[in-house]
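Close look at the chain arrangement
These are the residues of each chain, in order.
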Amino acid sequence: RITLTPPVDIFEDSQGVTLWADLPGVTKDRLDVKVHDGNLYIEAEAVVPTPTGLRLQHAEIRQPHFARAFSLGAEFDASKIDANLKDGVLKLTIPRRDEARPRRIEVRTD
């Protein structure tokens, strides 16, 4: 079985990070996203159907398996990760812990 590393774009702001992973042909029931010991794991199987009336002549990868892992720093709140899969693109929003977010300190004058 061939395992592919999906391409990923990661954007960061003061609230956390947003990760976009390309997983063409993957459906929700064949996607597994989990966090364990400070690591984020993405695993998925793609289904590439053969169109009706056609037969497969050549396939370099018939049922791709995707896998990717990331280390999450202590500043991120793994319990609040939001995941959304649409059109073969997985979007993960990983917020920073409240105490790790930058905050403005008000300065008083006496």
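Whatever comes next refers back to the structure up there.
Procedures and definitions
- Residues numbered from 1 in each chain as written.
- Predicted model: local features only at pLDDT ≥ 70, side-chain atom pairs only at ≥ 80, totals over all residues.
- Heavy atoms only, no water.
- Pairing = 2+ DSSP bridges.
- Helix = DSSP H or I, 4+ residues; strand = E, 2+ residues; numbered from the N terminus.
- Core = buried A, V, L, I, M, F, W, Y, C linked by side-chain atoms within 4.5 Å.
- Buried < 20%, exposed > 50% of the residue type's maximum accessible area, 1.4 Å probe, protein only.
- Axes fitted to C-alpha atoms, helices over the stretch in contact; angles between N-to-C directions.
- Salt bridge = Lys/Arg side-chain N within 4 Å of Asp/Glu carboxyl O.

Structural notes on the sheet that holds strand β5 (residues 39–46)
With respect to topology, four strands assemble into an open sheet ordered β1-β6-β5-β4, the strand pairing being mixed. Only two strands of the sheet have a single neighbouring strand rather than two, namely β1 (3–4) and β4 (26–36). Of the pairings in the sheet, the one linking β1 to strand β6 (residues 65–71) comprises two bridges and is parallel in character. Bridge pairing in β6 links L4 to F66.

What to know about the nonpolar core
Ranked by internal contacts, the top residues of the largest apolar core, which has 18 residues, are L19, L23, V26, L31, L40, I42 and L90. When residues of this core are traced back to their parent elements, those giving at least two are β3 (16–22), β4, β5, β6 and β8 (89–95).

Some words on the sheet that holds strand β7 (residues 82–86)
Read from one edge of the open sheet, four strands run β2-β3-β8-β7, paired in antiparallel fashion. If you trace the sheet from one side to the other, it starts and ends with β2 (8–13) and β7, each paired once. Taking the axes of each pair of neighbouring strands and ignoring which way they run, one obtains an average angle of 15° across the sheet. Inspection of the sheet shows β2 paired to β3 by six bridges, in the antiparallel sense. Following the sheet pairing, D9 is matched in β3 by W20.

Topic: unusual backbone geometry
Generally, phi is negative for residues other than glycine and the peptide bonds are trans, each holding for most cases. Even without a glycine there, the phi angle at D37 is positive, about 50°. Relative to the assigned elements, D37 resides in the loop between β4 and β5. Relative accessible area serves as the criterion here: at 67%, D37 is assigned to the exposed category. The residue D87 is not glycine, and still its phi comes out positive at about 55°. Judged by its relative accessible area of 72%, D87 is exposed.

Examining the pattern of salt bridges
Opposite charge on two side chains lets them pair, provided their charged atoms get close. As enumerated under the stated definition, the model contains five salt bridges in all. Here D77 ties to K80 by a salt bridge, and the two come within 3.8 Å at their closest N and O atoms. The exposure class assigned to D77 is buried, which follows from its relative accessible area of 10%. Owing to a relative accessible area of 52%, K80 belongs among the exposed residues under this scheme. With a shortest N-O distance of 4.0 Å, R97 and D77 are connected by a salt bridge. Placement of R97 in the segment after β8 and of D77 in the loop between β6 and β7 is noted, with a sequence separation of 20 residues between them. Connected through shared salt-bridge partners, E12, E75 and R96 make up one network.

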